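# Summary of structural features
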Amino acid sequence: MPPMAPPPAPPPAPRPAPQPLTVGFDLDMTLIDSRPGIRAAYRALSAETGVWIDADLAVTRLGPPLEHELAHWFPDERIPEVGDRYREIYPAYAIEPTFALPGAREAVAAVQALGGRAIVVTAKHEPNARLHLAHLGIHADEVIGWLWAEAKAEALREHGASVYVGDHTADVRGAHTADALAVAVVTGPCDAAELREAGADVIIDDLAAFPAWLRDYRRGDHKPGDQRPGDYRPDAA
């Protein structure tokens, strides 16, 4: 009796569907240059309260929550009241002078063009963050405010973000706490050396380089840690 033929091999398992793309962006000094507006708001607050605030100095250290900056100028017991007042006057002084950083609109649109979602996760008062984005025509899919450093991971995890783009070492920490790739831009108060030391996976000069990098990332060409400021060139994509 001839030997029985082996049973046919089972069909290959279906390939898992790719994860939906969600990219988080910081706001101040990542998507927008809010220094002119924030400077004006601090000067107005100083005039109203009679307390000297060095607005030019304050705008060199954007990133942390407002209360961190106010602590340099006001006693602790006044910070909640003064912080509330700053947020109230902010739209009148800070929205109009603020401008989009190079590549900001295109970076958000690049995520959406790939079928992904672009979310903004910021330490800023959320209503004021939304005013900035609406004024500048940056169309994020979601805006989440009041989160700083590692706390940003709450929103990044909730929305399934695999990439977070920011300008501060605290943004790198937030990304890694959420197990997301930390893409750093050198448009804010932290230079490339600081961002690299903090563990940024990718460093680019500004968001103009982001769409090409994102295409490489989606193709699987990116290797964490292989970028340096100025090294990524769109024609290398």
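Residues numbered from 1 in each chain as written. Predicted model: local features only at pLDDT ≥ 70, side-chain atom pairs only at ≥ 80, totals over all residues. Heavy atoms only, no water.

### Considerations on the pairing of strand 6 (residues 163–166)
Going by this rule: Note on classification: 1.4 Å probe, protein chains only; a residue is buried when its accessible area is under 20% of the maximum for its type, exposed when over 50%, partly exposed between these limits. Helical segments are the DSSP runs of H or I of at least four residues, strand segments are the runs of E of at least two, and each set is numbered from the N terminus. For two strands to pair, DSSP has to find at least two bridges joining them.
What you see with strand 6 is no split at all: Val163 and Val165 on one side and Tyr164 and Gly166 on the other are buried throughout. Here three bridges tie strand 1 (residues 22–25) to strand 6, and the two strands are oriented parallel to one another. The residue bridging Val23 from the neighbouring strand is Val163, located in strand 6.

### Describing the layout of surface pockets
The gaps left among the atoms become clear once a water-sized probe is rolled over them. So the rule is basically this: Here a cavity is any set of points on a 1 Å grid over the protein atoms alone where a 1.4 Å probe fits but cannot get out, and a pocket is any open set with protein on both sides within 12 Å along at least 5 of 7 lines; a residue lines the site when it has an atom within 4 Å of a point. Grid points are joined across faces, edges and corners, and a volume is the space filled by probe spheres set on the points.
If you add up the space inside the largest pocket, you get close to 400 Å³. In this structure, the largest pocket is lined by 28 residues; those nearest its centre are Leu62, Gly63, Pro64, Pro65 and Leu66.

### Some thoughts on the side chain of Asp171
The following threshold applies: The contact definition used throughout considers only heavy atoms, calling two residues in contact when any of these lie within 4.5 Å.
Mapped onto the elements of the fold, Asp171 is located in helix 8 (residues 169–177). Residue classification places Asp171 among the buried residues on the basis of a relative accessible area of 3%. Ignoring anything within four residues of it in the chain, the contact list for Asp171 reads Asp26, Lys152, Tyr164 and Gly166.

### A look at the sheet that holds strand 5 (residues 142–144)
Put simply, the rule reads: A fitted line through C-alpha atoms represents every axis, and for helices the fit uses only the stretch in contact; the resulting angles, taken between N-to-C directions, go from 0 to 180 degrees.
With respect to topology, six strands assemble into an open sheet ordered 5-4-1-6-7-8, the strand pairing being parallel. On the outer flanks of this sheet lie strand 5 and strand 8 (202–204), each paired with one strand and no other. Each neighbouring strand pair of the sheet contributes to a mean axis angle of 20 degrees, computed without reference to strand direction. Packed onto the sheet, helix 6 (residues 126–136) meets strand 4 (117–121) and strand 5 and runs at close to 140 degrees relative to strand 5. The sheet contacts of helix 10 (residues 210–219) involve strand 1, strand 6, strand 7 (181–185) and strand 8, and relative to strand 7 the element is tilted by about 160 degrees.

### Some points on the packing of aromatic side chains
Convention followed: Think of it this way: a Phe, Tyr or Trp ring, Trp meaning its six-membered ring, pairs with another when their centres are within 6.5 Å, and the plane angle makes it stacked under 30 degrees, edge-to-face over 60, tilted otherwise.
One pass over the structure, following the stated rule, counts five aromatic pairs. A centroid spacing of 5.7 Å and a plane angle of 35 degrees characterise the contact between Phe210 and Trp213, whose relative ring orientation is tilted. Remark: Trp213 and Phe210 occur in helix 10; sequence separation between them is three residues, near one turn of the helix. As far as the burial class goes, Phe210 and Trp213 line up, both buried. Among the aromatic residues, ring-to-ring pairing joins Phe25, Phe210, Trp213 and Tyr217 into one connected group.

### Digging into the packing of helix 1 (residues 35–49) against helix 4 (residues 79–94)
Definition in use: Here is the rule for angles: anything less than 35 degrees is roughly parallel, anything more than 145 is roughly antiparallel, 65 through 115 is roughly perpendicular, and the remaining ranges are oblique. Handedness of a crossing is defined here by the sense of rotation of the near helix relative to the far one, left-handed for an anticlockwise turn of less than a right angle and right-handed for a clockwise turn. Polar here means any residue other than Ala, Val, Leu, Ile, Met, Phe, Trp, Tyr, Cys and Pro, which are nonpolar, and Asp, Glu, Lys and Arg, which are charged; Gly is therefore polar.
Running from amino to carboxyl end, helix 1 crosses helix 4 at an angle of 125 degrees, the nearest separation of the two axes being 9 Å. As the angle between them shows, helix 1 and helix 4 are arranged oblique. In terms of crossing hand, the pair formed by helix 1 and helix 4 is right-handed. From helix 1, Gly37, Ile38, Ala40, Ala41, Tyr42, Ala44, Leu45 and Glu48 reach across to helix 4, where they touch Val82, Arg85, Tyr86, Ile89, Tyr90, Tyr93 and Ala94. Residues of the contact of helix 1 with helix 4, tallied by class, amount to twelve nonpolar, one polar and two charged.

### Description of the pattern of salt bridges
Quick reminder of the rule: Salt bridge, as used here: a side-chain nitrogen of Lys or Arg that lies within 4 Å of a carboxyl oxygen of Asp or Glu.
All told, the structure shown has 16 salt bridges when counted by the stated rule. In this structure, Arg130 and Glu126 form a salt bridge, with 3.3 Å as the shortest nitrogen-oxygen distance. With Arg130 and Glu126 both in helix 6, this residue pair falls four residues apart, about one helical turn. The exposure class assigned to Arg130 is partly exposed, which follows from its relative accessible area of 38%.

### Focus: helix 1
Test applied: To estimate the expected span of a helix, subtract one from its residue number and multiply by 1.5 Å.
Between the first and last C-alpha of helix 1 there are 21 Å, a value that for 15 residues agrees with the 21 Å anticipated at 1.5 Å per step. The set of residues buried in helix 1 consists of Gly37, Ile38, Ala41, Tyr42, Ala44, Leu45 and Ser46. Of the residues trailing helix 1, Gly50 is marked for its positive phi of about 75 degrees.

### Focus on the confidence of the model for the protein
Stated precisely, the cut-off is as follows: pLDDT measures how confident the predictor is about each residue, on a scale from 0 to 100.
Overall, the predicted model of the protein reaches an average pLDDT of 90, with 85% of residues at or above 70. Confidence drops under a pLDDT of 50 for residues 223–231, and excluding neighbours within four residues, the segment shows 14 contacts in the predicted structure.

### Some points on helix 4
Taking 1.5 Å per residue, 16 residues should reach 22 Å; helix 4 reaches only 20 Å between its end C-alpha atoms and comes up short. For helix 4, the set of buried residues is Ile79, Val82, Gly83, Tyr86, Arg87, Ile89, Tyr90 and Ala94. For helix 4, the secondary structure elements touched by its buried residues are helix 1, helix 3 (66–70) and helix 6.

### Some thoughts on the side chain of Asp26
Our working definition: Distance and chemistry together define a polar contact, namely a pair of N or O atoms within 3.5 Å, with one atom able to donate a hydrogen and the other to accept it when in protein, and with adjacent residues in sequence counting only for side-chain atoms on both sides.
In this structure, Asp26 sits in the loop between strand 1 and strand 2 (32–33). Here the side chain of Asp26 touches Thr30 through a polar contact of 3.2 Å, side chain to side chain. Leaving out residues up to four positions away in the same chain, Asp26 has contacts with Leu31, Val121, Thr122, Lys152, Tyr164, Val165, Gly166, Asp167 and Asp171.

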